[in-house]
Amino acid sequence: MVDTAPAAPDDPDSPRLRIAMIGTGFMARAHSHAWRTAPRFFDLPLRPELAVIAGRDPARTEAAAAKLGWSGHDRDWRRVIERDDIDLVDIVTPGDTHAEIAVAALEAGKHVLCEKPLANTVADAQRMARAAESAADRGQLSFCGFSYRRTPALTLARRFVQEGRLGAVRHVRAQYLQDWLSDSASPMTWRLDRVRAGSGSLGDIGAHSIDTAQWLTGQRITGVSGVLRTFVSRRPVLDQQVGLGGTASADAPLAEVTVDDAAAFTASFEDGALGVFEATRMALGRRNANRIEVNGEHGSIAFDFERMNELEYYDGAAADDEAEGFRRIQVTDPAHPYAPNWWPTGHGLGYEHLFTHQAVDVVTAVAQGTSASPTFAEALGVQKVLAAVASSAADASRWTEIDEETR
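Residues numbered from 1 in each chain as written. Predicted model: local features only at pLDDT ≥ 70, side-chain atom pairs only at ≥ 80, totals over all residues. Heavy atoms only, no water.

1. Topic: the sheet that holds strand β7 (residues 169-177)
Step number 1: If you trace the nine strands from one edge of the open sheet to the other, you get β18-β17-β16-β15-β7-β14-β13-β8-β19, paired in mixed fashion. With partners counted over all chains shown, the strands left at the sheet margins are β18 (327-330) and β19 (400-401), one partner each.
Step number 2: Pairing geometry for strand β8 (residues 221-229) and β19, over two bridges, is antiparallel. Following the sheet pairing, G223 is matched in β19 by E401. (Pairing = 2+ DSSP bridges. Helix = DSSP H or I, 4+ residues; strand = E, 2+ residues; numbered from the N terminus.)

2. Overview of helix α8 (residues 201-217)
Step number 1: Counted at 1.5 Å a residue, the expected span for α8 with its 17 residues is 24 Å, and the 23 Å between its end C-alpha atoms agrees.
Step number 2: Burial analysis of α8 places 17 of its 17 residues in the buried class, which makes it a mostly covered element.
Step number 3: One or two residues past the end of α8 sits G218, with phi positive at roughly 75°. (Expected span 1.5 Å × (residues − 1). Buried < 20%, exposed > 50% of the residue type's maximum accessible area, 1.4 Å probe, protein only.)

3. Overview of the side chain of R150
Step number 1: Mapping R150 onto the fold places it in the loop between β6 (142-145) and α6 (152-162).
Step number 2: Residue R150 is classed as buried on the basis of its relative accessible area of 6%.
Step number 3: In terms of polar contacts, R150 uses its side chain to reach the side chain of D361, at 2.9 Å.
Step number 4: Leave out the neighbours within four places in its chain, and R150 touches T155, Y338, L354, H357, Q358, D361, S373 and P374. (Polar contact = N/O pair within 3.5 Å; in protein donor to acceptor, adjacent residues only side chain to side chain. Contact = heavy atoms within 4.5 Å.)

4. Overview of the sheet that holds strand β1 (residues 16-22)
Step number 1: Spatial strand order, β3-β2-β1-β4-β5-β6: six strands in an open sheet with parallel pairing. Looking at which strands have only one partner, the edges of the open sheet turn out to be β3 (72-74) and β6. Recorded for the sheet is a direction-independent mean angle of 25° between the axes of neighbouring strands.
Step number 2: Here strand β4 (residues 88-91) runs beside strand β5 (residues 111-115); their pairing, made up of four bridges, is parallel. (Axes fitted to C-alpha atoms, helices over the stretch in contact; angles between N-to-C directions.)

5. Examining helix α5 (residues 122-137)
Step number 1: Across its 16 residues, α5 extends 23 Å between first and last C-alpha, which sits within 8% of the 22 Å expected from 1.5 Å per residue.
Step number 2: Turning to α5, its buried residues are A125, M128, A129, A131, A132 and A135. Seen along its axis, α5 keeps its buried residues to an arc of 165°; they face one direction. Exposed side chains of α5 directed beyond 90 degrees from the buried face belong to E133 and D137.
Step number 3: Contacts made by the buried residues of α5 are with α4 (98-107), β5, β6 and α10 (376-393).
Step number 4: Looking one or two places after α5, you find G139, whose phi comes out positive at around 100°. (Arc of directions from axis to C-beta.)

6. Looking at the packing of α8 against α10
Step number 1: Between α8 and α10, the least distance of the axes is 9 Å, while the angle of their chain directions is 125°. Overall, the two elements α8 and α10 adopt an arrangement that is oblique. Every pair of crossing elements has a handedness; the one defined by α8 and α10 is right-handed. Residues L202, G203, A207, I210, D211 and Q214 of α8 lie in contact with α10, whose contacting residues are V382, V385, L386, V389 and A390.
Step number 2: Across the contact of α8 with α10, the residue classes break down as eight nonpolar, two polar and one charged. (Parallel < 35°, antiparallel > 145°, perpendicular 65-115°, else oblique. Left-handed = near helix turned anticlockwise from the far one by under 90°. Nonpolar A, V, L, I, M, F, W, Y, C, P; charged D, E, K, R; others polar.)

7. Comments concerning the pairing of strand β15 (residues 289-296)
Step number 1: Among the eight residues that make up β15, six are buried, leaving the element largely enclosed by the rest of the structure.
Step number 2: Two strands pair when backbone bridges link them, and β7 and β15 are joined in this way by eight bridges, in the antiparallel orientation. Paired with V172 across the strands is V294, a residue of β15.
Step number 3: With five bridges connecting them, β15 and strand β16 (residues 299-304) associate as antiparallel partners.

8. What about unusual backbone geometry?
Across residues other than glycine, the phi torsion is negative in most instances, and most of the peptide bonds are trans.
Step number 1: Going from K116 to P117, the amide bond is cis rather than trans, its omega being -20°.
Step number 2: Its place among the elements puts P117 in the loop between β5 and α5.
Step number 3: Of note, the bond from S373 into P374 is cis; its omega dihedral lies within 30 degrees of zero at 5°.
Step number 4: Along the polypeptide, P374 turns up in the loop between α9 (351-368) and α10.

9. Notes on the packing of aromatic side chains
Step number 1: Across all of its chains, the model carries 14 aromatic pairs by this definition.
Step number 2: For the pair W342 and W343, a centre-to-centre distance of 5.8 Å together with 50° between the ring planes defines the contact as tilted.
Step number 3: Accessibility expressed as a relative area gives 10% for W342, which makes it buried.
Step number 4: On the basis of an interplanar angle of 75° and a centroid distance of 5.1 Å, the ring pair of Y351 and F355 is categorised as edge-to-face. (Phe/Tyr/Trp six-rings, centres within 6.5 Å; stacked < 30°, edge-to-face > 60°.)

Given below as structure tokens:
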């Protein structure tokens, strides 16, 4: 634990958190922005230092270091995690590499932040959780990047649930709808390869809904019945990566898609609530509609990330027969989570702020020597729900229990 007095962002003598990032893609941009921004808007006990970024492609890694603000670059992540001048390893690579990198980093004495989902299999996630538990005894902390938890409106919603404003939770319905794969001619990317990604819409975006639902309600999912669909089974081989997708030449050969395009499942929560979940990257017109609604005996909350600065709240105790309906709360007031450090009331936040809030919480936890949720153990719980949905879908949607011992 270090002195928790704020560390000046430009003072070379202030206490530092020296970070190594493994990966150079989309999430590398989001995390890099967050590490740079956090100490300029929040008083942090440690100053994040972007020490080195590692990637497989030397030219791309060098370019990422220059553009994203990293002091150094390397193509060998193993060499990076053994460095004495690194405190935390930030893993933003595809899921098939998470376990190897995270376990090695923890064994090398580093703190670890790993993007979601934690791994591609329950076995790998269990290995990571065990390594995290052992590392915690040595003082190393582990975090999983379910960044939507850091949306101020969702954090406020959780506060309402914890305060008992909704009463006993009865229904949870969650949708995560995107459309970036709607075009059948969109090229093959690693997110469509089961070996690298583990699953498709289920693990890529459905994992967020599962984590949010369990975190928001404070209840674990105990059983599921699922359906998976792949609508486009072959896609042209990628020529150039652009954002989540990319481009392919007109005569590109076709590659087999080995993951789901859409997932849907029902779920039971440990206190009896009923859950309905849907995830797809082929809902034309829905760009990033990460939605959740929770209905309780006394009230309801509803959220849609496409209106991320708003939370809908229905207070059943204050119902008015002449003015029934949800109340729209603009979550930008100084009384709201994270909001006091940003703009005047009414000036909204964006996607990148979630990662800044994540960086703030991670830095604070490391400085204080306390865990920050979600831990690897919590992320393992999400992984087990993903596995149960996939198992159910492969067996005619058979109801699949998630055993207490394995949650």
